[in-house]
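Each chain, letter by letter, is given below.
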Amino acid sequence: MDTLQLLQHYWWFVISLLGALLVFLLFVQGGQGILYAIGRDERERTMIVNVLGRKWETTFTTLVTFGGAFFASFPLFYSTSFGGACYVWFAILLVFVIQAVAYEFRRKPSNLLGERTYEAFLQINGIAGALLLGVAVATLFTGADFTVDRLNIADAGGNTAISRWTSPWHGLEALADWRNWALGLAVLFLSRLLALHYFMNTIDDETIFERSRRRSLCAAMPMVVSLLLFLGAILLSEGHRAEADGTIVVEPMLYLHNFAAMPYLAVTLAAGVGAVLWGIWRGWRGSRKAIWWSGAGTVMTVLALLLSAGWNSTAYYPSLADAQSSLTIASSSSSEFTLRTMAYVSIAVPFVVGYIWWTWRAMNSRRMTRSEAEGDEHLY
Amino acid sequence: MNDFLQTVDWSRAQFALTAVYHWLFVPLTLGLSVMIAIMETRYYRTGDEELKRMTKFWMRIFGINFAIGVATGIILEFEFGTNWSNYSHFVGDIFGAPLAIEGIMAFFMESTFIAVMFFGWDRVSRRFHLAATWLTAIGANLSALWILVANAWMQYPTGCTFNLDTVRNEMTSFGDVLLSPVAVDKFTHTVTSSFALAAVVVVAISAWYLLHGRERLLAKRSIALASVFGLIFSLAAALTGDRSGAVVARYQPMKLAAMEGLYDGERGAGLTVIGLLRCEESRSSNSDAFHFKIEIPKMLSVMSYRDSEAYVAGINDLLAGNPDEGIMSAGEKMRRGREAVAELERFRQARDAGDERTMEEIRRKFDPSTEEGESFLREYFAYFGYGYITSPEELVPDVPLLFYSFRVMVGVGTLMIVLFAIVWWLNRRDRLERRRWLLWIAIMAVPLAYMASQAGWIIAEVGRQPWAIQGMMPVSVAATDIGSASVATTFFIFLALFTLLLAAELRIMFKQIKIGPDKGDDKE
């Protein structure tokens, strides 16, 4: 493996890790989606919104950094997917915009739209945000309708578009593939499960604790079913892979072969799924620490899945319109210079993770109580 | 106009709309975050509870603006992909890096510590809280650094070379991108002017309290800080703005000529202080461009080149060329650009025909390590973007918009310096409260400051037209071809959403100010 290939693999790992952390942090969305199911009165909802509200920025920032890192390291994906599947991406953006203001404006006097409207914004984001992100990520396995020819740019006076979307639905066609729905639903219910475990961990209230514990199975069961359906479908279906000369070939059961070729990913996936299942069990048994198991398991599972989509010469964005247009980490990455420059910057990532962790611990060292939700300090 | 050109216009409108709304909130948070950190530092040192109350009040104002700034910011980032997909491929290798670094280095810092800043008063130590407040301010301003570096690169693309195999520009020097004169100037000017704007807002809200005889101590202390802060940074904005003139003259002469309504280049060119432009059809030279104007002789030459006799190019020079001054005509640049584009097209045909020999021949032309390649890249590919321009007139940005925006920005900026100086002096002598007219002026300065701030971005972005990347890629090639109806639809969705959120934000802000520092989060 030469330096460029090493950097391409490294940056796919960084992207995958950011994606995995993002899915974990979607517990904020999950919690918003079940705001009324767990928070039955205003005080309970205030407690829930405030423990989530102290983390929404981190989720938001991870999404922005995920996008920025994708742009920087694999710009051809950014230009192809965002430009082509623009309806889906715009929908995702809109539900995140209304989330951002909802936290800050919800309890403010004279907020124009009323508290219930902002809570509705949180719920829309909680459901549509997680679902659509899951659907969008699923297309990394199931493919999309596009063609790519960089030299189209030479067609002065004609159509210079390098990436062209061949479906008039601009991304919405992904909703016609049940496998994309399966991952979308898995992410949605996973985010709810994580949120319930998070509430059990951070809110000092027996009613909310018990309600969260009981409801965790309701989130876990559809999550496990939809995830298994997606995994089964992906492992058994064909995928796009690049030959040594860059030619794309279609290979049956490609992702299964990938896990066989990279057993460390298979182990990570198995350990991740196991940790999530153990977290579900621990949560059901009333452990406040279930979030750490389900959270760590989520990160490992998503990391292994995303790595299997890009490593081993796999086309991480298969084209359904023209197989040769499929994007691999080799065909779509930035230059060696840029990847190396950013790799130096990424040395700061452990430091960033360190201070996030430290701050998280400092802020969550004391659980949210009812009296705190009634206080006159800054509240969401 | 065909559908694609309409798409380009709608995409420009959508990006402009998002940027305008985004920039309503960001400059306030950039400056306010620093002022809050200073207030809290004073509280930390003195233990004065009134300073803590003051810090918390301004923090609340900060929070209201911050959320909506973040919300509009994410749309801007993703619009590079959704609306400008060719752009994203063609320069993503360079442009993407600052965005990624912004996320890793600045956004996480900001988002992590802002939670401590708002909710950590009783959860972490005073020292930790103060550090969190400073880190939030540093994070906010660091994020401004990276996005402004990216924007500066669009104004002055440097530190890169074209790679024929990947058909894109690739970074060759991160230092050149980060420390280009345009990047340094853009960051310093934008941040200092944002600090000044934030100071205007703090002075105005405090003035409102004084007018109503409320929160007098908080208001006076806030004015004491904000007027000094504003004076320092509005002076700094003037200095960095002066440097901007010199930078624009060197790297974007058409922008400067349009800003000045300068049609014929001159030695010892004067700077127009005020003037009234004639309609477009009547403007063809310096003699018929204005109904009237007042100018400072030789000042434009001095500002542009630090030489009272320096030659400043006009619009006509840049279009028709001026061999005496070494200025190439737009027509010649277009001819060379077309040749560069044609070579790419020939490469495509050779690739499709499997003609390796021709491909190799063209590769040599694009190889900067050979003499032939170095010459072709310098003489022809340097004008690549001009190959898509169909008429030289396309190269002239909107002259009246630039001319008047520039005067609004400079005029208001000058007024701010005077206002801060007077307010600081009178507040220091404890005479401000009695000058009710001045307090009203301080309040009325807020919309003016925002107008000046927006005008600055109009100059930067409209002045770059028709380019997405100066000289390299026009907006018509950068845009995504997704159909004008699609972009028009999302434009109106964003317009409605942003306007609604702005109305809510303003209502909340006014209510918070009315309520004052105590119990601001309580519901009605």
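This structure is a prediction, so every number in the text was calculated from the model and none was measured. (Residues numbered from 1 in each chain as written. Chains lettered and ligands numbered in written order. Predicted model: local features only at pLDDT ≥ 70, side-chain atom pairs only at ≥ 80, totals over all residues. Heavy atoms only, no water.)

> Would you mind showing me how to read the overall build of chain A here?
For chain A, the helix and strand inventory stands at 17 helices and six strands. At 21 Å, chain A has a C-alpha radius of gyration in line with the 21 Å of a compact globule built from 380 residues. A principal-axis box enclosing the C-alpha atoms of chain A has dimensions of 65 × 45 × 40 Å. In chain A, 77% of the contacts between residues at least 6 apart in sequence involve partners at least 24 apart. As displayed, chain A has an accessible area near 13000 Å², and 64% of this comes from carbon and sulfur atoms. The centroid of the 27 positive side-chain charges in chain A is displaced by 11 Å from the centroid of its 27 negative side-chain charges. (Helix = DSSP H or I, 4+ residues; strand = E, 2+ residues; numbered from the N terminus. Rg over C-alpha atoms; globule rule 2.2 N^0.38 Å. Contact = heavy atoms within 4.5 Å. Areas by Shrake-Rupley, 256 points an atom, 1.4 Å probe, with all protein chains shown as cover. Lys, Arg positive; Asp, Glu negative; His and termini not counted. Charge placed at Lys NZ, Arg CZ, Asp CG, Glu CD.)

> Looking at this structure, how should I read the packing of helix α2 (residues 49–82) of chain B against helix α3 (residues 85–119) of chain B?
For any two helices packed against each other, the geometry is given by the interaxial angle and the distance between the axes. All names here are of chain B. One can describe the packing of α2 onto α3 by two numbers: an axis separation of 11 Å at closest approach and a directional angle of 160°. Taken together, the axis directions place α2 and α3 in an arrangement best described as roughly antiparallel. The two elements α2 and α3 meet at a crossing, and its hand is left-handed. Taken together, the residues of α3 that come into contact with α2 (itself represented by M59, F62, G63, F66, E77, F80 and G81) are S85, Y87, S88, F95, L99, E110, I114, M117 and F118. (Axes fitted to C-alpha atoms, helices over the stretch in contact; angles between N-to-C directions. Parallel < 35°, antiparallel > 145°, perpendicular 65-115°, else oblique. Left-handed = near helix turned anticlockwise from the far one by under 90°.)

> Please explain the confidence of the model for chain B as it appears in this structure.
The predicted coordinates of low-pLDDT regions are not to be read in fine detail. When pLDDT is averaged across chain B, the result is 95; 99% of the residues are at 70 or more. For this predicted complex, the interface confidence comes out at an ipTM of 0.91, alongside a pTM of 0.94. (pLDDT = per-residue confidence, 0-100.)

> Which parts of the structure should I look at to understand the nonpolar core?
Ranked by internal contacts, the top residues of the largest apolar core, which has 276 residues, are A:F27, A:F199, A:Y316, B:M35, B:W58, B:Y87 and B:L344. Both domains that meet at this core, namely domain 1 (26–255 + 393–515) and domain 3 (330–392) of chain B, each give it at least three residues. When near neighbours in sequence (up to four residues on either side) are disregarded, B:L344 contacts A:L151, A:I153, A:A154, B:F162, B:L164, B:V167, B:F366 and B:F384. Grouped together as the second largest cluster of nonpolar side chains are 38 residues, B:A258, B:Y263, B:Y383 and B:A455 included. (Core = buried A, V, L, I, M, F, W, Y, C linked by side-chain atoms within 4.5 Å. Buried < 20%, exposed > 50% of the residue type's maximum accessible area, 1.4 Å probe, protein only. Domains from an automatic or database assignment.)

> I'm lost on the pairing of strand β3 (residues 239–242) of chain A in this one. Help?
The side chains of a regular strand alternate, residue by residue, between the two faces of the sheet. Residues and elements named next belong to chain A. Pairing of β3 with strand β4 (residues 248–251), which is carried by four bridges, proceeds in the antiparallel orientation. Considered in β4, the bridge of G239 is made with E251. Adjacent in sequence and paired antiparallel, β3 and β4 are bridged by five residues, among which G246 carries a positive phi angle near 95°. (Pairing = 2+ DSSP bridges.)

> Just to check I follow, could you spell out the domain arrangement of chain B for this structure?
The extent of an interface is frequently quoted as the accessible surface area lost upon association of the parts. Residue and element names in this part refer to chain B. When its domains are assigned, chain B resolves into domain 1 (26–255 + 393–515), domain 2 (256–325) and domain 3 (330–392). Once you take the C-alpha centre of each, domain 1 and domain 3 turn out to be 40 Å apart. Contact residues are listed per partner, giving 18 residues for domain 1 and 18 residues for domain 3. Contact between domain 1 and domain 3 buries roughly 1400 Å² in total, counting both sides, with carbon and sulfur atoms accounting for 67%. Where domain 1 touches domain 3, the interface holds one salt bridge. A salt bridge links D165 to R363, with the nearest nitrogen and oxygen atoms 3.0 Å apart. Listed by contribution, the elements that provide at least two residues to the side of domain 1 that touches domain 3 are β1 (160–163) and β8 (473–474). Class assignment of the residues belonging to the side of domain 1 that touches domain 3 gives a composition of twelve nonpolar, three polar and three charged. (Buried area = accessible area lost by both parts, 1.4 Å probe. Salt bridge = Lys/Arg side-chain N within 4 Å of Asp/Glu carboxyl O. Nonpolar A, V, L, I, M, F, W, Y, C, P; charged D, E, K, R; others polar.)

> Mind showing me how you'd approach the packing of aromatic side chains here?
The geometry of an aromatic ring pair is captured by two quantities: the separation of the ring centres and the angle between the planes. Within this structure, the stated rule accounts for 73 aromatic pairs over all chains. Look at A:F146 and A:W165: their rings are 5.9 Å apart centre to centre, the planes differ by 20°, and that puts the pair in the stacked class. Linking A:F146 in strand β1 (residues 146–148) with A:W165 in strand β2 (residues 163–165), this pair joins segments that are 19 residues apart in sequence. With centroids separated by 5.4 Å and ring planes inclined at 25°, the aromatic side chains of B:F195 and B:F229 adopt a geometry described as stacked. (Phe/Tyr/Trp six-rings, centres within 6.5 Å; stacked < 30°, edge-to-face > 60°.)

> Please explain empty space enclosed by the protein as it appears in this structure.
If a probe the size of a water molecule is rolled over the atoms, the empty space left behind becomes visible. On inspection of all chains with the given rule, the structure shows six cavities of 30 Å³ or more. Counted as a void, the largest cavity has a volume near 440 Å³. Lining of the largest cavity is provided by 32 residues; of these, A:V23, A:V137, A:L183, A:V187 and A:V302 occupy positions nearest its centre. Counting only elements with at least two residues in the lining of the largest cavity, the list comes to α1 (3–25), α5 (56–73), α6 (75–84), α8 (115–142), α9 (178–202), α10 (206–236), α12 (263–284) and α13 (290–310) of chain A. At six residues, α8(A) tops the list of elements feeding residues into the lining of the largest cavity. Classifying every residue of the lining of the largest cavity gives 27 nonpolar, five polar and no charged. Forming the walls of the second largest cavity are A:V51, A:R54, A:K55, A:Y198, A:N201, A:T202, A:M363, A:N364, A:R366, A:R367, A:M368 and B:R123. (1 Å grid on protein atoms, 1.4 Å probe; cavity = no way out; pocket = protein on both sides within 12 Å on 5 of 7 lines; lining within 4 Å. Points joined across faces, edges and corners; volume = space filled by probe spheres on them.)

> Which parts of the structure should I look at to understand helix α14 (residues 399–428) of chain B?
Because each turn of an α-helix spans 3.6 residues, side chains separated by three or four positions end up pointing in the same direction. All names here are of chain B. Compared with an ideal rise of 1.5 Å per residue, which puts 30 residues at 44 Å, α14 spans 44 Å between its outermost C-alpha atoms and is within 8% of the ideal. The N-cap of α14, judged by a side-chain oxygen 3.1 Å from the amide nitrogen of L401 a few residues on, is D398. Where α14 terminates, the next one or two residues include D430, which has phi positive at roughly 60°. (Expected span 1.5 Å × (residues − 1). Polar contact = N/O pair within 3.5 Å; in protein donor to acceptor, adjacent residues only side chain to side chain.)

> Quick question: what am I supposed to make of the interface of chain B and chain A here?
On the chain A side, the residues contacting the 94 residues of chain B number 82 residues. For the pairing of chain B and chain A, the buried interface totals around 8100 Å² over both sides, and the portion due to carbon and sulfur atoms is 70%. Linking chain B with chain A are two salt bridges, by the criterion used here. Linking B:R123 and A:E372 is a salt bridge whose minimum nitrogen-to-oxygen distance equals 2.8 Å. In this structure, the connection of chain B to chain A is made through 20 residue pairs in polar contact (both at pLDDT 80 or more). Mapped by element, the contributors of at least two residues to the side of chain B that touches chain A are α2, α3, β2 (168–171), α11 (330–353) and α17 (484–515) of chain B.

> What am I meant to see in the packing of helix α1 (residues 3–46) of chain B against helix α4 (residues 126–155) of chain B here?
All names here are of chain B. The geometry of α1 relative to α4 is characterised by a closest axis approach of 9 Å and an angle of 160° between their N-to-C directions. Considering their axes alone, α1 and α4 lie roughly antiparallel with respect to each other. Taken as a pair, α1 and α4 cross one another with a handedness that is left-handed. Along the contact surface, α1 presents L30, S33, V34, I36, A37, I38, E40, T41, Y43 and Y44, while α4 presents R126, R127, H129, L130, T133, W134, A137, A140, N141 and A144. Per-class residue counts for the contact of α1 with α4 are twelve nonpolar, five polar and three charged.

> Is there a simple way to think about a positive patch on the surface in this case?
On the surface, a cluster of positive charge is contributed by B:R428, B:R429, B:R431 and B:R434. With respect to the helices and strands, the residue B:R431 is situated in the loop between α14 and α15 (436–462). (Patch = residues over 30% accessible without salt bridge, like charges linked within 9 Å, V, L, I, M, F, W, Y side chains within 5 Å.)

> Sorry, what's going on with the pattern of salt bridges here?
Charged atoms that come close allow side chains of opposite charge to pair. Residue and element names in this part refer to chain B. Evaluated as defined, the whole model comprises 46 salt bridges over all chains. For D93, the salt bridge identified is with R168, shortest N-O distance 3.9 Å. On the criterion of sequence distance, the pair formed by D93 in helix α3 and R168 in strand β2 is long-range, its members being 75 residues apart. R267 is paired through a salt bridge with E325; the nearest N and O atoms lie 3.0 Å apart. Taken together, the residues R267 in strand β3 (residues 266–267) and E325 in the loop between α10 (315–320) and α11 connect sequence positions 58 residues apart. What emerges from the salt-bridge pattern is a single network uniting E332, R335, R336, E339, E374, R378 and E379.

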